[in-house]
Every structure is written in structure tokens, then in C-alpha cells.
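The lines below spell out each chain.
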Amino acid sequence: MSDAESRPSFTLDGVEVPFDPGQTVLQAALAAGQYIPHLCYHPEFKPHGSCKVCTVRTGGHAATSCTTPARAGMVVESETEEVVAERRMLVQLLFVEGNHFCPSCEKSGHCKLQAVAYDLGMTSPRFDHFFPDRPVDASHPEILLDFNRCILCELCVRASAEVDGKQVFALAGRGMGKHLVVNSASGLLRDSAVAATDKAVDVCPVGVILRKRVGFAVPVGQRRFDERPISAQASDYAPRPAPPRDP
Amino acid sequence: MPPARIEDDVIAAAVDRAVESWGSAPTQLLQVLRETQEPLGWLPAGALERIARALDVSIARVRGVVAFYSFLYAEPQGEYRVLFSDDVTDRMLGSGERLREMCERLWAEPGKPSADGLVSIDRTASIGLCDQGPSLLVNGRPLTRIDAARAAQVCELMLSRTPLAQWPAELFRIEDNVRRRGVLLDDPIRPGEGIRAAIARGEATGTGRQAMLDEIKQARLLGRGGAGFTTGVKWESCARQPVEPRIVVCNADEGEPGTFKDRLLLTRYADLVFEGMTVAAWGIGATRGFVYLRGEYRYLLDALRETLARRRREGLLGRGIAGRADFEFDVEIHVGAGSYVCGEASALVESLEGKRGIPRNRPPRLAEKGYLLLPTVVNNVESYCAAALIALHGAAWFCSQGTPKSSGTKLLSVSGDCERPGIYEYPFGVTVREVLEACGARDTIAVQAGGPSGVCLGQDEFDRRIAFEDIETGGAFVVFDGTRDMFEIGRHYAHFFADESCGFCTPCRVGTSLLRNLMDKIRDGKGSQHDLQTIEELGRLLARASHCGLGESAGRPLLGTLKRFRPAYERRLGSSAVEPAFDLDGALARARRMTGRDDPGAHLGDER
């Protein structure tokens with residue numbers, strides 16, 4: 001890798017951020033320890049830009065930082081009042097779309113949606129809830145699917161296809177009817193090719209894909225985002241290659 | 001009547017026939033599903049499983065595609081599938097009453113097959129017959145001018161189970177309604193003239209195919225679908241890609257409510273469309289072409305295929321076009337299945353690949369990596385017609401029409417409150433007022449130019465011009481007179497976008513549904529100033545944060561009508577600053593029913 005002086009760079013809220021060719025704005029920022037809020041991005045997968053939480057301003061336009069290629073000399077604004085207000089609104093939209101009851105959710109404290117909401121200073125869901133009716137799938141002996149918390153980030157879809165090579169998850173429908181489906185004749189997880197060791201089972205940022213019987217192994221209050229806000233953990237989301245798979 | 005259960009061998013035969021005609025590549029999934037459904041009426045689980053096996057794709061992907069397109073049904077449908085076009089102009093002409101009457105006559109409920117399995121009646125987004133509405137589709141075939149008498153006639157035909165082929169032809173008659181012709185509609189060139197002119201120009205200048213690209217650039221042709229991208233730039237950047245084959249796609253997914261000019265071009269000027277695609281292929285060096293025909297225009301498919309076959313016989317498609325050994329190009333037609341978003345070029349390409357129609361991230365542009373990641377040009381039907389004329393008559397001729405920044409002419413689809421709805425071709429630069437006078441509009445209070453994703457124009461804006469430097473439009477021109485309630489127009493469009501959002505990005509997926517709910521809340525008399533503020537904020541969020549142009553414009557009809565017709569919104573508001581959507585007393589209705597009470601003590605008053 002070339003040294004810092006010869007690497008191109010852009011500025012993020014006035015801070016110089018060096019990047020490697022091919023990196024997107026978000027990837028370069030996280031690699032440099034600069035946090036931009038995001039939900040559907042994951043360091044091991046190709047960004048696809050659906051949640052829009054990482055939207056920044058550059059060149060007078062709004063752009064998703066996870067998919068925008070970094071260019072030398074770019075001026076990127078992220079922590080402006082306007083941009084933060086938009087992000088907060090986007091997270092509020094995600095909260096009212098599904099059924100997110102943090103106090104009773106076993107993912108509380110490990111949940112990125114909750115962590116990003118706290119970090120953005122969201123104090124209420126603001127909009128009217130949709131209260132969708134989404135039955136859970138408890139058919140699998142080791143894994144529970146609670147679709148009520150799905151934010152449609154497609155990380156499990158991507159992980160299953162790209163890392164596990166299984167395509168256990170897919171998306172169906174459109175608009176507010178868009179939903180996660182399981183690839184099996186019955187549509188149930190029990191009848192799919194999923195295994196508890198799959199990457200797809202690990203990657204859910206919210207509380208949809210849950211391992212059974214370990215929900216409270218770590219007590220609430222001692223969990224990842226209880227300890228430090230998500231914005232202080234930027235380097236955890238820096239780009240990294242997918243881990244090698246067991247043969 | 002179609003039994004809810006279809007025999008396995010019937011299913012297998014339908015699937016096998018579809019796979020035989022389309023092949024078993026995964027890219028053909030949508031076409032195979034669509035064609036399997038045609039004889040069956042819907043897609044039973046067994047059909048989906050057989051298709052998944054035949055195309056070697058996961059069953060989840062098949063189900064995902066079926067649930068994305070509104071014309072694919074995983075549940076049994078009626079023997080007659082009636083879809084009322086739900087354009088705002090259809091509503092203005094009484095489609096709502098017709099739908100109610102038909103449901104009552106046939107004992108059906110919208111969105112559900114009738115108990116006897118005879119019909120399913122529902123609404124669908126505009127089917128492109130706004131100049132002769134109310135219109136509807138019965139098993140994919142369009143019926144126009146559905147007044148009460150015709151609706152009754154249709155009911156009787158269905159009740160007597162008369163096969164569609166034996167219905168009176170008059171019911172299916174579609175008028176062209178060409179009201180004003182310009183250089184495009186007046187000068188249909190002879191097949192092959194444009195192609196030969198393009199080749200000759202290259203020989204004369206010694207620049208070969210580049211001459212066609214130069215001509216298009218000099219003509220300053222801008223995309224006619226509404227976005228107005230420079231066609232020459234698109235073509236040239238595609239031609240420069242060192243990858244083959246290159247692809248030419250015609251976007252015939254005319255889904256913007258209020259637009260129907262492509263219907264005319266595909267019906268009467270199909271040769272001109274294919275001529276334009278072929279000169280594009282010549283300039284770009286493309287060998288494969290697609291027309292993506294919206295599912296609502298399925299009834300045009302056979303005639304279009306015949307035209308293609310005739311052009312092949314005439315040496316204008318296939319190998320050795322116009323006698324040139326180095327010119328090979330052919331066109332196939334894919335049919336959509338009910339999705340507005342597929343009109344977005346990259347979503348259209350995804351749909352061509354047999355997937356859910358989700359707009360792609362850019363970069364890369366389609367010109368670099370489009371269909372199957374091959375260099376691809378996507379243009380509107382009307383753009384190709386203009387390109388064919390430019391090939392024949394040259395850039396200078398083309399630029400003699402229109403304005404300095406918008407050369408040529410534009411087809412306008414005029415509908416709504418006017419005496420003469422139909423197609424009007426004008427050179428760019430025509431004022432809104434001139435069009436209103438020509439179409440016999442009176443007491444006009446507003447024009448929605450470019451459809452719901454375009455712009456709402458009030459009376460003080462009627463001297464503005466249709467041109468890329470002023471009002472950019474794909475051609476929809478919907479007229480509203482003083483009897484119309486612009487709040488209801490806005491509410492109608494809010495429902496349209498909520499129904500059609502692809503659901504990929506958060507702002508459009510959730511925002512359009514929230515906007516719809518807020519508009520319904522205001523209609524119910526429960527709105528407040530706070531809600532109007534929220535509508536404005538959501539509209540701005542959609543414009544800034546959405547993934548594609550469709551999401552960006554989804555808030556526009558509300559922002560536009562709210563800005564110009566605020567009193568239409570405000571007269572519906574409740575008195576206080578914030579009104580809850582939740583009806584506290586209504587929530588007790590169930591408890592009252594269960595306890596058999598309806599006395600004052602069982603109600604919550606207004607003293608909250």
C-alpha cells in the first residue's frame with residue numbers, strides 16, 4: 001500500500017480522508033476512523049445503498065456515501081443540521097414501518113437500528129405506526145425469524161448468496177408489501193438449507209434472525225451499544241474481506 | 001369457470017410451452033411466468049415450482065418476482081379478470097361508479113374473485129387510454145368509453161360466459177385521436193429510408209458509423225421520455241465501450257399516468273420506431289435489440305411482431321441489413337407485467353433480465369454496463385422515431401423546429417377537462433395556453449404537465465412553454481377545470497405512488513405510504529396544519545434522499561397542489577393544531593358490539 005502522502009484524499013466535514021482507488025466515500029471514511037451513520041452497509045459486502053441513512057451532501061447533491069466512489073478533492077458534508085435531520089427522519093420511517101418494541105426485544109443493546117436512533121437523538125417515532133401483521137417463523141430448531149423487525153437491508157440475502165452459497169433468503173413483493181422470504185418449498189426456515197453456522201444468521205443488524213436459547217446470555221446493560229455509542233465504534237465497520245469459510 | 005385447482009398435466013403443458021418459446025435462461029423468468037399465466041389465468045404453486053426447476057432458479061426468486069409484478073397472480077382469479085384503469089381522468093369520467101355498478105351486478109368485491117369464480121374486478125394504474133376513458137382491461141384486452149350502458153353490456157356478456165372473441169368489436173375499438181400533426185406524425189418515412197440515408201451519409205463523409213452519432217449530437221436530440229438526457233452523448237458513450245455485443249433497448253413502458261402517445265406510435269408508426277432502433281444500432285455498432293412493452297399494451301404484441309417479421313423479409317433486420325455484410329441487428333419484444341418503476345431505464349433492464357424491477361446504482365451507467373452488464377442504450381419510443389427522422393432528413397432540418405435548447409417536436413397526450421382529448425404534436429416552445437385553446441379547454445384551473453411526477457401549473461403559469469428550458473415533460477397534459485377538487489387530485493396521485501413504489505429505498509417505500517395515509521386522514525376531516533407541514537417535509541425528503549427519479553418526484557404532486565391550491569387542503573382541516581389519526585371512540589366499537597350497548601355511557605365524547 002502506498003504511503004499516506006501519495007494517497008488521494010477528500011474532505012469529510014473539513015477532515016482530510018485518504019482513500020484507496022475503488023473505495024466508496026463511506027468505506028474510506030470508516031477506514032480512517034470517521035463515522036457516517038449507516039444500516040444496510042456491512043464491511044464484508046458490496047454496498048447497495050437502500051436504507052439511505054448514510055446519505056451525505058457533495059457537490060450540491062445528496063448521495064449515499066456507501067455507493068458513491070471516492071474522488072480526490074471531493075467536499076463531503078455529513079454532520080450538518082439538515083443532513084442529520086434527514087437521517088433521523090429516515091430512521092423514524094424504519095421504526096414506524098415495522099414493529100420495533102425495544103424494551104421487550106432480545107436484541108436491545110445489540111441492535112444497530114436502536115443504536116443509530118439513539119446516536120441521532122431520535123426521541124420519538126414521530127409518524128403514525130403501520131403495525132404490520134407479520135407472523136414469526138419458529139419452525140427451525142435453532143433459529144427464530146421475527147419478521148416484525150425487518151428493515152429490508154438485504155444483508156442476510158447477500159450473505160447467504162455470496163458467503164454461504166445457499167440463497168436461503170430473498171425479497172418478494174414491492175412497496176410496503178416488500179418482505180423477506182425463505183427459499184424452501186414450504187416457505188419455512190425448517191425446510192431450507194440454512195445452518196446455524198451460516199454467515200446469513202450472523203449478519204442481521206436488527207432482531208429478525210435470532211439464535212434460540214441465547215437471547216439473554218449477555219445481560220441488557222452490558223451489551224455492545226450499551227457500553228459505547230455506535231458512532232464511537234466506526235473502525236469496526238471499516239471494510240474488510242469476508243472471513244474464509246470452512247471447507 | 002377456472003377451477004381453483006388446475007390439473008397437474010395442464011400446468012405442466014402451459015409451463016413447457018412457455019419455456020419452449022422463451023428458452024430456459026434465467027433472464028427469461030418474467031416472460032415464462034407471464035406466458036404460463038396466459039392460458040391458466042393465474043400461477044398455481046405447481047407452475048412456480050416447475051418453472052424454478054426448468055430455469056434453474058430458486059423458488060424464492062420465482063415467488064419474489066411474482067409478488068413484484070401486479071399482473072402476476074399467485075392466487076386463483078376469476079374467469080374474467082376485469083381491471084379498471086385508475087387514471088385520474090378515468091375517475092373524472094365516472095370509472096368509480098362503473099366499478100361499483102359492476103361489482104353489485106356480479107356480486108363481486110374489488111380485489112377478490114367472486115364466489116362463483118366468474119370474475120375478479122380490481123383497479124390498475126393508468127392503462128394509457130385517457131383520451132377515451134373510462135377504460136378497462138378484460139383478460140388483457142382493452143375496452144374504451146365505458147359508460148353505464150356499456151358496463152351493463154359487459155356484465156351481461158360475462159354472465160352469459162360469452163368468449164371474449166365473440167364480444168362486439170365496437171367494445172374494443174380504440175381511436176387514434178390525432179388532433180394535430182407535425183413533422184413526426186405527418187412524415188412517416190418508407191421502411192429502410194432512414195437506414196439507407198444513415199449508411200450513405202457515412203460513405204459520403206468517410207466517417208462510417210460515426211456520421212450517425214455526429215448527426216444525432218448535432219440535432220441535439222433530448223430524450224422524449226421526460227428526463228431529457230442528451231441522446232447523442234448516451235449513444236456515443238455506449239459506442240466507445242470496447243465490449244460486444246452492444247444492446248439497443250426501446251422503452252415502451254409508458255406508465256406515467258396521463259401519457260398515451262407511445263400507444264399511437266406503436267400502433268400506427270411501428271416501422272418508424274424500429275427504423276429508429278436500427279439506425280441507433282448502426283451508429284452504436286449494436287447487434288441485439290429489445291422492445292420492453294408495458295403489460296398493459298400486451299394487445300399490441302402480435303401486430304408488432306408481424307412488423308418485425310416483415311422488416312426481416314425486407315432485409316431491414318437480421319444479417320446483412322440494407323445489403324451491408326457488416327450490419328447485423330435484430331429485435332425481440334419483452335412484455336412487462338404491471339410495474340410503473342420499470343419505466344426507469346435501469347429498472348427496465350433488470351426486468352429484461354427477468355428480475356424484480358429495482359433501479360440500479362449508478363455508476364456504472366447503462367451505456368457502460370447495462371443488460372447483462374453489456375453496453376446498452378435505452379431510449380423512449382418517441383426518441384427513436386425522432387432519430388429515424390434525423391437519419392433521413394439530417395440535423396439541420398431537425399433543428400429548424402422547436403427552440404434553441406429543445407429542437408424538434410413533442411407529442412402531447414392531452415386528456416381531462418377539454419372537448420378534444422388526444423395526441424397533439426407541437427414544435428417545442430408552445431405555450432400551455434395555446435394547447436388549452438387548441439383542445440377546447442374552458443375554465444381551466446390547473447394543468448398537470450408530465451403526469452404526477454411532472455409539474456402542477458396554475459392559471460398564472462399558462463404562458464409558460466413546453467420545452468426543456470421551461471416545462472420538461474414526457475408529454476402528459478392533464479387538464480382540470482373549475483369543477484375539480486385539486487386536493488382529491490393530489491390524493492389520487494399519492495395513492496398511485498404508494499401502490500407503485502418498488503420498495504427498495506426507505507424514503508420512497510415508507511414515505512409514499514405515509515403520504516397516502518396523511519392525505520386520507522385529511523380527507524376524513526382529521527387533518528391539521530401539523531399534517532400539512534409533515535407532507536411538505538416528507539415531500540422534500542423524497543426529493544432529496546430517494547434512490548431513483550421516481551421516488552424523487554413522488555412527493556411532487558402533493559407539494560405542487562399544496563402550493564397552488566392550499567385552500568382545497570385547508571378547508572378540510574380540523575380546528576386544532578394537531579389532530580390524532582387514531583379514533584378513540586371508534587376503537588370501542590367492538591366492545592360495544594360485544595356487550596350489546598350503544599348508550600351514551602358507552603361512547604367517548606368530544607370532551608377529551
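Because the structure is predicted, anything quoted here is derived from the model rather than measured. (Residues numbered from 1 in each chain as written. Chains lettered and ligands numbered in written order. Predicted model: local features only at pLDDT ≥ 70, side-chain atom pairs only at ≥ 80, totals over all residues.)

Peer 1: Would you explain the overall build of chain B in this entry?
Peer 2: Per the secondary structure count, chain B includes 25 helices and 14 strands. At 25 Å, chain B has a C-alpha radius of gyration in line with the 25 Å of a compact globule built from 608 residues. Counting only C-alpha atoms and orienting by the principal axes, one finds that chain B spans roughly 90 × 65 × 45 Å. When the 608 residues of chain B are sorted by exposure, 53% land in the buried category. For chain B, long-range pairs separated by at least 24 residues make up 71% of all intrachain contacts whose partners lie at least 6 apart in sequence. (Helix = DSSP H or I, 4+ residues; strand = E, 2+ residues; numbered from the N terminus. Rg over C-alpha atoms; globule rule 2.2 N^0.38 Å. Buried ≥ 20, exposed ≤ 12 C-beta atoms within 10 Å, placed from the backbone. Contact = placed C-beta atoms within 7 Å.)

Peer 1: I would appreciate a short explanation of the overall build of chain A in the present structure.
Peer 2: Scanning chain A for helices and strands turns up six helices and nine strands. For 247 residues, the compact-globule estimate of 2.2 N^0.38 gives 18 Å, and chain A sits close to it at 19 Å. Overall, the C-alpha framework of chain A stretches about 55 × 45 × 40 Å when taken along its three principal axes. Burial statistics for chain A: of 247 residues in total, 45% are counted as buried. Residue pairs at least 24 apart in sequence account for 65% of intrachain contacts in chain A once pairs closer than 6 positions are excluded.

Peer 1: Just to check I follow, could you spell out the sheet that holds strand β4 (residues 61-64) of chain A for this structure?
Peer 2: Hydrogen bonds along the backbone pair up the strands of a sheet, which may run parallel or antiparallel. Residue and element names in this part refer to chain A. Read across the open sheet, the five strands follow the order β2-β1-β5-β3-β4; overall the sheet is mixed. Edge positions in the sheet fall to β2 (15-18) and β4, since each of these pairs with one other strand and no more. Across the sheet, the mean angle from the axis of one strand to that of its neighbour is 35°, orientation sign disregarded. Relative to strand β5 (residues 75-77), strand β1 (residues 9-12) runs parallel, the two sharing two bridges. By the bridge assignment, threonine 11 is partnered in β5 with valine 75. (Pairing = 2+ DSSP bridges. Axes fitted to C-alpha atoms, helices over the stretch in contact; angles between N-to-C directions.)

Peer 1: Got a minute to help me understand the interface of chain B and chain A in this structure?
Peer 2: Put simply, an interface is often sized by how much accessible area is lost when its parts join up. Chain B puts 31 residues into the contact, and the matching count from chain A is 30 residues. Those elements that provide at least two residues to the side of chain B that touches chain A are α4 (59-68), α19 (486-500), α20 (506-523) and α21 (529-545) of chain B. Per-element accounting of the side of chain B that touches chain A gives the leading share, eight residues, to α20(B). When the residues that make up the side of chain B that touches chain A are grouped by side-chain class, the tally is 15 nonpolar, ten polar and six charged. (Nonpolar A, V, L, I, M, F, W, Y, C, P; charged D, E, K, R; others polar.)

Peer 1: Sorry, what's going on with the sheet that holds strand β8 (residues 330-335) of chain B here?
Peer 2: All names here are of chain B. Across the sheet, which stays open at both edges, the four strands sit in the order β8-β7-β6-β9 with parallel pairing between neighbours. Each edge of the open sheet is held by one strand with a lone partner, namely β8 and β9 (376-380). Strand-to-strand, the axes of this sheet are offset by a mean angle of 20°, without reference to chain direction. Both strand β7 (residues 286-293) and β8 contribute to a ladder of six bridges, which runs parallel. Paired with arginine 288 across the two strands is aspartate 330, which belongs to β8. Sheet strands in contact with helix α16 (residues 381-393) are β6 (246-252) and β9, and its direction is about 95° off that of β9.

Peer 1: Explain the domain arrangement of chain A here, please?
Peer 2: All names here are of chain A. Looking at chain A, the domain boundaries give domain 1 (9-83) and domain 2 (134-213). If you average the C-alpha positions of domain 1 and of domain 2, the two centres end up 28 Å apart. Contact residues are listed per partner, giving seven residues for domain 1 and nine residues for domain 2. Here the side of domain 1 that touches domain 2 is composed, by residue class, of four nonpolar, three polar and no charged. (Domains from an automatic or database assignment.)

Peer 1: What is the right way to look at the domain arrangement of chain B in this model?
Peer 2: Residues and elements named next belong to chain B. Each assigned domain of chain B is listed with its residue range as follows: domain 1 (8-68), domain 2 (80-171), domain 3 (180-399), domain 4 (412-483) and domain 5 (487-570). Averaged C-alpha coordinates put domain 2 and domain 4 at centres separated by 29 Å. For the side of domain 2 that touches domain 4, the class distribution of residues is three nonpolar, one polar and one charged.

Peer 1: Would you mind showing me how to read helix α7 (residues 148-159) of chain B here?
Peer 2: Helical geometry: 3.6 residues make up each α-helical turn, so side chains three or four residues apart lie on a common side. Between its first and last C-alpha atoms α7(B) spans 16 Å; for twelve residues at 1.5 Å apiece the expected length is 16 Å, and the two agree. Against the buried residues of α7(B) lie β1 (80-85), α6 (95-106), β2 (119-124) and β4 (141-143) of chain B. (Expected span 1.5 Å × (residues − 1).)

Peer 1: Quick question: what am I supposed to make of unusual backbone geometry here?
Peer 2: Both trends apply: most residues other than glycine have a negative phi, and most peptide bonds are in trans. Put simply, B:Glu244 and B:Pro245 share a cis peptide bond, and its omega is -5°. Secondary-structure assignment places B:Pro245 in the loop between α11 (231-239) and β6. The amide bond that connects B:Pro363 to the next residue, B:Pro364, takes the cis arrangement and shows omega of 0°. For B:Pro364, the location among the structural elements is in the loop between α15 (345-352) and β9. Notably, A:Gln167 is not glycine yet its phi reads approximately 55°, a positive angle. With respect to the helices, strands and loops of the structure, A:Gln167 is situated in the loop between α4 (155-162) and β7 (169-172).

Peer 1: Looking at this model, I keep getting lost on the packing of helix α1 (residues 8-22) of chain B against helix α2 (residues 29-40) of chain B. Mind explaining?
Peer 2: Each pair of packed helices can be described by the angle between their axes along with the distance between the axes. Residue and element names in this part refer to chain B. Where α1 meets α2, the closest approach of the two axes is 8 Å, and the angle between their N-to-C directions is 140°. If you check the angle between α1 and α2, you find them oblique. In this structure, the crossing between α1 and α2 has a hand that is right-handed. Together, Ile11, Ala14, Val15, Ala18, Val19, Ser21 and Trp22 of α1 and Gln31, Val32, Glu35, Thr36, Pro39 and Leu40 of α2 make up the contact between the two elements. Residues of the contact of α1 with α2, tallied by class, amount to nine nonpolar, three polar and one charged. (Parallel < 35°, antiparallel > 145°, perpendicular 65-115°, else oblique. Left-handed = near helix turned anticlockwise from the far one by under 90°.)

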